[in-house]
Every structure is written in C-alpha cells, then in structure tokens.
Amino acid sequence: MMTFLKTILIVLLVYFGLKFLIKLGTPYLMRYISKKAGQQFEQFFGNNPDMKSQKQQEGSITIDKNPSSNSRSSKKVGEYVEYEEVD
C-alpha cells in the first residue's frame, strides 16, 4: 500500500513539475520561434539582389520599358448573328 502511494505521489510531482516548467518555458520558446521566422522572412524578402542593383540617386529618372504602340486588342470577341423580328 505504501509503494502505491509513493508511485502516485511521484507521478503527481512529475506532472505538476512539467506543467510548471512548460509555463515558464513557453514564452521563451515562442520568442525564439518568432525570431527565427522573422529572420527567414528577412532572408527571403529583404535581401533581394535585384532591388539593390536598382537603387539610384535621388532625382534621377529612368524608363524601364516603352509602352506598346498597339494598345487595342485585335482578337474577335464574338460573331455577329443576324436575326429577324417575328410579329
């Protein structure tokens, strides 16, 4: 009977001890995860080599591409159907 009580006491102490440690460690874990996610985000979006090469002096004017002269579409949208009115 005494061994059974010792076992239950040990299980309860381990349970509450882990619960307490998890409550203490969760903010640090979340901070670490968010910091890593932020670093990956910066690495993916922040260090774009194309954007660095396009930095220019303030006031300079550049034209990336000329607008196309053929602005109207030459595709047929549909076909014309003749009809007669019936009285």
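Heads up: the structure comes first, above all this text.
Residues numbered from 1 in each chain as written. Predicted model: local features only at pLDDT ≥ 70, side-chain atom pairs only at ≥ 80, totals over all residues. Heavy atoms only, no water.

Draft legend 1. Focus on helix H1 (residues 2–46). In this model H1 runs 63 Å from its N-terminal to its C-terminal C-alpha over 45 residues, within 8% of the 66 Å that 1.5 Å per residue would give. At Gly25, H1 shows its maximal kink, close to 40°; a proline, Pro27, follows between one and four residues later. (Helix = DSSP H or I, 4+ residues; strand = E, 2+ residues; numbered from the N terminus. Expected span 1.5 Å × (residues − 1). Bend = angle between axes of the 7 residues up to and from the residue.)

Draft legend 2. Here's a closer look at the packing of aromatic side chains. On inspection of all chains with the given rule, the structure shows 3 aromatic pairs. Ring plane angle 70° and centroid distance 5.1 Å describe the contact between Tyr15 and Phe16, whose orientation is recorded as edge-to-face. Centroid distance Phe41 to Phe45: 4.8 Å. Interplanar angle 50°. Geometry classified as tilted. Of this pair, Phe41 and Phe45 are both found in helix H1, 4 residues apart, which corresponds to roughly one turn of the helix. In terms of burial, Phe41 and Phe45 fall into one category: exposed. Linked through ring pairs, Phe41, Phe44 and Phe45 together constitute an aromatic cluster. (Phe/Tyr/Trp six-rings, centres within 6.5 Å; stacked < 30°, edge-to-face > 60°. Buried < 20%, exposed > 50% of the residue type's maximum accessible area, 1.4 Å probe, protein only.)

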